[in-house]
Amino acid sequence: MAGDHVDVLIVGAGLSGIGAACHLQRERPGTTYAVLEARDAIGGTWDLFRYPGVRSDSDMFTLGYSFKPWTDAKAIADGDAIRAYVRETAREYDVERHICFHHRVVAAEWDSATARWTVHARRGDTAETVVLTCSFLFVCSGYYRYDEGYTPQFPGVEDFAGRLVHPQHWPADLDHTGKRVVVIGSGATAVTLVPAMAERAAHVTMLQRSPTYVMALPSRDVLADALRRWLPTKAAYPVVRWKNVLLSTLNFQLSRRAPGLVRRLLRRAAQGRLPVGYDIDRHFSPRYDPWDQRLCVVPDGDLFTAVQAGRASVVTDTIDTFTEHGIRLTSGDELPADIVVTATGLNLLALGGMTLTVDGAEVDLAGTVAYKGMMLSGVPNFAMTIGYTNASWTLKADLVATYVCRLLRHLDRTGAQIVTPQPPPSGELVPIIDLKSGYVLRSVDALPKQGARAPWRLYQNYARDVLLMRHGRLTDEGVRFSRAGAPPPVGTAAGVPDRPADTPVG
């Protein structure tokens, strides 16, 4: 494979990468491409995570691809079903033969003289280095480390005689039947694990330092079930998809504009599913506003049901130390445990850990500004996929892939070879991920920034982004188009182009 050249090189064969390849197949059938995947399987997150109950925390009508209807009965699907869906999509669009497994991209170097990226990948199966070139680099590797999750330093953990596991690398031989389990954490992984493990464990305790907003949703979509009886699948799918988009947008906007109201509604809903007299304020009423952190969805209220039935419990406290037989809390209470699961989050890792170099200068990601939430200032012919934080990841991934196809058509049509995003002329720079979750706050300073306004600002609004990315102008003050043979033109310090950005090249 060394020395091969493709028009587009996609990094990652997960939900985003397979979607990107399918968009190229559908919209640009003559484009040559390859997909480099560090692991040995298709699926990304949905192949890596194998813990009990692993599932989507978004409905599959929006987490599914826009071009491939989700046909399973459950709207909130388990990991096996999602993995099968991604693999079926790859087969259906003949993507599999373009994937090179065990290829971890470690570096990419841009040369303006040839308008090419030279990409270096290390093979995990043979340890050899593979070098290939591409005209456009499309990174779909997500934003967290696959090789390790985040586990804080717990005092006394070496004294614990039981099993300590992290959900990101679930042991295949772990049997929790009849065992006492403590799950440390309160995010999406924890609220999934607790009811799933409670089906067979003696008891499961969710130990949280502070509560999270938890909302019950039906595992099946009533509208989808009704429409499927009367309409063809391809006609029903977009209707349900847009219904769910609008509902989630309403939820988010209402949370931003009337957080007190949403807080009360969520509290009342939880109260109706928990035992009479349950201390909701302590265990299910966070100190922050709704959507400052991602809201946790539980299908059919399964977490509340497990607590109501006594199979699971929630303890809000901090850890003093691990002991031989469990965890001693700051309050002095001790939680007995045979198994402790540290559902304590992810480690962020931008671009899968690869380094970027542009004309000999290494790119400092933290010093770049995202253009339309998908390209980086000063980095030519490059796009990355970062999904929405307030909605399904794939909604944004579909838009990014569609935009890349539009951009490639524009380059062909105008005779240009290079597109380089420019920094914003002025205004405050803020983190590209606008959540206050611990895993984000630990590493967000190392990620690209976003500007104060479009096209350098991501508004977390799918309907608005559809207009911008499917139908909006490709030429604006945020990008420059040029040809190979010279470094891409750089604007003034204020980021203003020295020729109109929409001037055709050629």
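Chains are numbered independently. Their residues run from 1 in the order of the written sequence. Whole-chain, interface and lining totals are the exception, using all residues; otherwise, since this is a predicted model, local features are given only for residues with pLDDT of at least 70 and side-chain atom pairs are given and counted only at 80 or more. Values shown for side chains rest on all heavy atoms present in the structure; no hydrogens or waters enter the calculation.

We now examine the packing of aromatic side chains. Under the pairing criterion, centres of Phe, Tyr and Trp rings, with the six-membered ring standing for Trp, must be within 6.5 Å; the plane angle then separates stacked pairs below 30 degrees from edge-to-face pairs above 60, leaving the rest tilted. One pass over the structure, following the stated rule, counts 19 aromatic pairs. Here Tyr-143 and Trp-393 contribute two aromatic rings whose centre-to-centre distance is 5.6 Å and whose plane-to-plane angle is 65°, an arrangement assigned as edge-to-face. Linking Tyr-143 in the loop between strand S6 (129-139) and strand S7 (163-165) with Trp-393 in helix H11 (residues 393-414), this pair joins segments that are 250 residues apart in sequence. Only protein chains enter the area calculation, which uses a 1.4 Å probe; residues under 20% of their type maximum are buried, those over 50% are exposed, and those in between are partly exposed. Classification of Tyr-143 as buried rests on a relative accessible area of 12%. Members of the aromatic cluster, each reached through a chain of ring pairs, are Tyr-65, Phe-67, Trp-70, Tyr-85 and Tyr-93. Every helix listed is a DSSP run of H or I at least four residues long, and every strand listed is a run of E at least two residues long, numbered separately from the N terminus.

Let us look at the nonpolar core. Residues belong to a common nonpolar core when they are buried Ala, Val, Leu, Ile, Met, Phe, Trp, Tyr or Cys residues joined through side-chain atoms within 4.5 Å. By size, the foremost hydrophobic cluster in this structure holds 101 residues, and its most contacted members are Ile-10, Ile-18, Val-95, Phe-138, Val-183 and Val-341. For this core, the element with the most residues is H11, which contributes 10 residues. Excluding its chain neighbours within four sequence positions, the residues that come into contact with Ile-10 are Gly-17, Ala-20, Ala-21, Leu-24, Tyr-33, Ala-34, Val-35, Leu-36, Phe-138 and Cys-140. In terms of nonpolar packing, the next biggest core, distinct from the first, is built from 36 residues, Ala-34, Met-354, Val-379 and Ile-386 among them. Contact criterion: two residues are considered in contact whenever any of their non-hydrogen atoms come within 4.5 Å of each other.

Bringing unusual backbone geometry into the picture now. As a rule of thumb, non-glycine residues mostly have phi less than zero, and peptide bonds are mostly trans rather than cis. Geometrically, the link from Ala-454 to Pro-455 is a cis peptide bond, its omega value of 5° lying close to zero. Within the secondary structure layout, Pro-455 lies in the loop between strand S24 (449-450) and helix H13 (462-470). A positive phi angle, near 60°, is found at His-102, a position not held by glycine. In this fold, His-102 is placed in the loop between strand S3 (99-100) and strand S4 (103-111). At Lys-372, a position not held by glycine, the phi torsion is positive, near 55°. Following the sequence through the fold, Lys-372 ends up in the loop between strand S19 (370-371) and strand S20 (375-376). Here Lys-372 falls in the buried class, since its relative accessible area comes to 2%.

Bringing the packing of H11 against H13 into the picture now. In the contact formed by H11 and H13, the axes pass within 9 Å of each other and the chain directions differ by 10°. In this view, H11 runs roughly parallel relative to H13, as classed from their interaxial angle. Between H11 and H13, the contacting residues are Leu-395, Lys-396, Leu-399, Val-400, Thr-402, Tyr-403 and Arg-406 on the first element and Tyr-462, Asp-465, Val-466, Leu-468, Met-469 and Arg-470 on the second. In the contact of H11 with H13, the residues fall into eight nonpolar, one polar and four charged. Angles run from 0 to 180 degrees between N-to-C directions of axes, and those axes are lines fitted to C-alpha atoms, restricted for helices to the stretch in contact. Orientation categories follow fixed angle ranges, with anything under 35 degrees roughly parallel, anything over 145 roughly antiparallel, 65 to 115 roughly perpendicular, and all other angles oblique. Note on residue classes: Ala, Val, Leu, Ile, Met, Phe, Trp, Tyr, Cys and Pro are nonpolar, Asp, Glu, Lys and Arg are charged, and everything else, Gly too, is polar.

Across the sheet, five strands lie side by side as S7-S16-S8-S9-S12; this open sheet has parallel pairing. The open sheet is flanked by S7 and strand S12 (312-316), the only strands paired with a single partner. In this sheet, neighbouring strand axes are inclined to one another by 20° on average, regardless of whether the strands run parallel or antiparallel. Paired strands, in this sense, are two strands between which DSSP finds at least two bridges. Direction of pairing for S7 relative to strand S16 (residues 339-342): parallel, over a ladder of three bridges. Its bridge partner lying in S16, Leu-164 is registered against Val-340. Relative to strand S9 (residues 203-208), helix H5 (residues 188-198) is tilted by about 165°, and along the sheet it contacts strand S8 (180-184), S9, S12 and S16.

The next thing to look at is the packing of helix H6 (residues 222-230) against helix H7 (residues 233-257). Remark: H6 packs on H7, axes separated minimally by 10 Å, with the N-to-C direction vectors making an angle of 165°. If you check the angle between H6 and H7, you find them roughly antiparallel. The handedness of the crossing between H6 and H7 is right-handed. Between H6 and H7, the contacting residues are Leu-223, Ala-224 and Leu-227 on the first element and Ala-236, Val-239, Val-240 and Lys-243 on the second. Taken together, the residues that form the contact of H6 with H7 break down as six nonpolar, no polar and one charged. Take the far helix as the reference: if the near one is turned anticlockwise from it by less than a right angle, the crossing is left-handed, and if turned clockwise, right-handed.

Here we come to helix H8 (residues 259-271). In this scheme, a helix's expected span is set at 1.5 Å multiplied by one less than its residue total. With 13 residues, H8 extends 18 Å from end C-alpha to end C-alpha; this agrees with the ideal 18 Å at 1.5 Å per step. All of the buried residues along H8 are Val-262, Leu-266 and Ala-270. All buried residues of H8 fall inside an arc of 70° around its axis, so they share one side. Every exposed residue of H8 that faces more than 90 degrees away from the buried side is listed here: Arg-264 and Arg-268. Regarding the arc, it is the one traced by the directions from the helix axis to the C-beta atoms.

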